[in-house]
Amino acid sequence: MNVHHSDALVFFGATGDLIYKKIFPALYAMERRGHLQAPVIGVARSDWTIEQFRARARASVEKHDGFDEAVFAKFQERLRYISGDYGAPATHAALRKELGDAAHPLHYLAIPPSVFEKVVERLGQSGCARGARVIIEKPFGRDLSSAQALSATLHTVFDESCVFRIDHYLGKESVQNLLVFRFANTFLEPFWNRTYVESVQITMAEKFGVEGRGSFYEESGAIRDVIQNHLLQVVGFLAMESPTKTNHEAIRDEQVKVFKMIRPLKPEDIVRGQFRGYREEEGVARDSKVETFAAARLRIDSPRWDGVPFFIRAGKCLPTTMTEVLVMLKPPAIGKLCAGQANYVRFRLSPDVTIAIGARVKRPGEELIGDLTELKVVNHPRGDEMDAYERLLSDAIVGDGTLFASQGGVEAAWAVVQPVLGLVTPVHDYEPGTWGPSEAEKLGAGICGCQSPVWLLPDGEDEESK
Ligand code: NDP
């Protein structure tokens, strides 16, 4: 690991949505904890004054609980603003001047990917990249070849060890808890394999639609937006072997091994859906075939998971907003004791954090029947946990890449979805407020050994109320 601390933080696209929604609150939280030591330099084309930039920062953080005028006063003193075209030498000369003695700047590219290349090139030419790290935001390309081209562009100026690909999902407490729960608990290991696990189901549901970002969504769709990255990251954590060390290379290497063992998807492994009304959204083509829902069946060719289907689904305008993993175990030999559903492990990743184990206990009375009950291991609403962006920024500042996507991981994940990108499969309509097209229910059909219906929710739990 390259251990120096970043001594200046530079945000390209400083006037944008991401900086406003996520970065200002994260920086402010770091200031509050006493963790922010460096100047914060915003760069964008908009002809703003420093006062406008500070006002934007204030508007962003003021609405959060616990706003403290004294903390903000300290924070705003760090802010600098440079206005200019991203590709103009004058902008980068001004940045070089503003960096002053900083020897290890951290450049955060919160700009559309189409602008990356010229910014990287100018950072190199102006000397701003010397001793620096760079953070880039997903999407990391639109497919395998563009992801490779993006890495090649970055590598013209930055060594791979200085490139931090942010997938904020990896910064979430609940996602990291998957890793700890799996590898810090000996009792789990004996059944965490093909002998006992029947299927793994991962759902990322959003109750809302595209919320005015139709033109952005048209370029992406559910597979590119969340399946290739967030949901495959979760699969990686669930399916990986124990890393030999807890350093970031070891964890990332094990995850990449999982991605490489996932069979590339075939058209019959995927169902794409689009909610009715999507084509009337602003910025969306009237004949759009972009998916707002996707469900996929993954196979992992490893000794641990051979034959165990991993079902993943993600969609917009579904009945609720939540992300959840269900690891379904095979039923016991005496089926009568367990009519219905067998044991399971449930990880709720958001909005609340839950780890629960579904177990059977005897129903009171004469009959020898097991009723399902849940043992809650963790159950807390979102508390004072560190926000994902705060954690990831703090990690990048000290050069810790554990929770960032690696080039190998990004490319291996693209290789999984590459064969089904675009219009290879039809897109089925679904009503807003439902669980996507009925075709998704059929993904589990014909799978040898898979007894449970796909997309099962724990007994007695109403989806809406969970
Ligand atoms: P915005 O669309 O808000 O753009 C950010 C800034 O970039 C704008 O304020 C604008 O600043 C500049 N910009 C916009 N379009 C262009 C263009 N065509 N050429 C040059 N500059 C342009 O983006 P976001 O802040 O939403 O996202 C930034 C990056 O983060 C993107 O790569 C996005 O995919 C990614 N991302 C965003 C998320 C979010 O929640 N917003 C979530 C995950 C990833 P100005 O005109 O002042 O220069």
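Procedures and definitions
Residues numbered from 1 in each chain as written. Predicted model: local features only at pLDDT ≥ 70, side-chain atom pairs only at ≥ 80, totals over all residues. Heavy atoms only, no water. Helix = DSSP H or I, 4+ residues; strand = E, 2+ residues; numbered from the N terminus. Near = heavy atom within 4 Å. Polar contact = N/O pair within 3.5 Å; in protein donor to acceptor, adjacent residues only side chain to side chain. Areas by Shrake-Rupley, 256 points an atom, 1.4 Å probe, with all protein chains shown as cover. Nonpolar A, V, L, I, M, F, W, Y, C, P; charged D, E, K, R; others polar. Pairing = 2+ DSSP bridges. Axes fitted to C-alpha atoms, helices over the stretch in contact; angles between N-to-C directions. Contact = heavy atoms within 4.5 Å. Buried < 20%, exposed > 50% of the residue type's maximum accessible area, 1.4 Å probe, protein only. Arc of directions from axis to C-beta.

### With respect to the environment of Met-328
Right, so step 1: Looking at the secondary structure, you find Met-328 in strand E11 (residues 322–329).
Right, so step 2: Distance from Met-328 to Val-377, taken between C-alpha atoms, is 17 Å for residues 49 residues apart in sequence.

### A look at the site of the ligand
Right, so step 1: Lining the immediate environment of the ligand, one finds 19 residues, of which Thr-15, Leu-18, Arg-45, Ser-46 and Tyr-86 sit closest.
Right, so step 2: The contact in question runs from an oxygen atom of the ligand to an N or O atom on the backbone of Leu-18, over 2.8 Å.
Right, so step 3: A distance of 2.5 Å separates an oxygen atom of the ligand from a polar side-chain atom of Ser-46.
Right, so step 4: Protein burial of the ligand: of its 870 Å² of free accessible surface, 74% is covered by the chains.
Right, so step 5: In terms of residue count, the dominant contributor to the shell around the ligand is helix H1 (residues 17–33) (three residues).
Right, so step 6: A per-class count over the shell around the ligand returns nine nonpolar, four polar and six charged.

### Brief notes about the sheet that holds strand E12 (residues 344–350)
Right, so step 1: Spatial strand order, E14-E13-E12-E11-E7-E10-E9-E8-E15: nine strands in an open sheet with mixed pairing. The open sheet is flanked by strand E14 (370–380) and strand E15 (427–430), the only strands paired with a single partner. Mean inter-strand twist for the sheet, computed between neighbouring axes without regard to direction, equals 15 degrees.
Right, so step 2: Across the sheet, helix H7 (residues 173–183) touches E12, strand E13 (353–362) and E14, and the angle it forms with E12 is around 150 degrees.

### Overview of the side chain of Arg-165
Right, so step 1: The residue Arg-165 is located in strand E6 (residues 163–166) in this model.
Right, so step 2: Taking the relative accessible area as the measure of exposure, Arg-165 reaches 1% and is therefore buried.

### Describing helix H5 (residues 116–126)
Right, so step 1: Within the sequence span of H5, burial applies to Phe-116, Val-119, Val-120 and Leu-123. Along the axis of H5, the buried positions cluster into a sector of 100 degrees, meaning they face one direction only. Turned more than 90 degrees away from the buried face of H5 sit Glu-117 and Gln-125, all of them exposed.
Right, so step 2: On its buried face, H5 is in contact with strand E1 (8–12), helix H4 (89–99), strand E4 (105–109), strand E5 (133–137) and helix H6 (144–155).
Right, so step 3: With its phi angle positive at about 85 degrees, Gly-127 sits one or two positions after the end of H5.

### Digging into helix H12 (residues 407–417)
Right, so step 1: Of all eleven residues in H12, eight are buried; the element is thus mostly enclosed.
Right, so step 2: Residues of H12 that are buried in the fold lie against H6, E6, helix H9 (221–239), helix H10 (248–261) and strand E9 (293–298).

### Things to note about the sheet that holds strand E2 (residues 40–44)
Right, so step 1: Spatially, the six strands line up as an open sheet ordered E3-E2-E1-E4-E5-E6, and their pairing is parallel. This sheet does not close on itself; its edge strands, each paired only once, are strand E3 (79–83) and E6. Neighbour-to-neighbour, the strand axes of the sheet open up by a mean angle of 20 degrees, direction not taken into account.
Right, so step 2: Here E1 runs beside E4; their pairing, made up of five bridges, is parallel. Paired with Val-10 across the bridge in E4 is His-107.
Right, so step 3: Relative to the sheet, helix H2 (residues 50–62) contacts E2 and E3, its axis offset from that of E3 by approximately 125 degrees.

### Comments concerning the side chain of His-230
Right, so step 1: You can see His-230 is positioned in helix H9.
Right, so step 2: The class of His-230 is buried, set by a relative accessible area of 4%.

Purely geometric numbers; function is a separate question.
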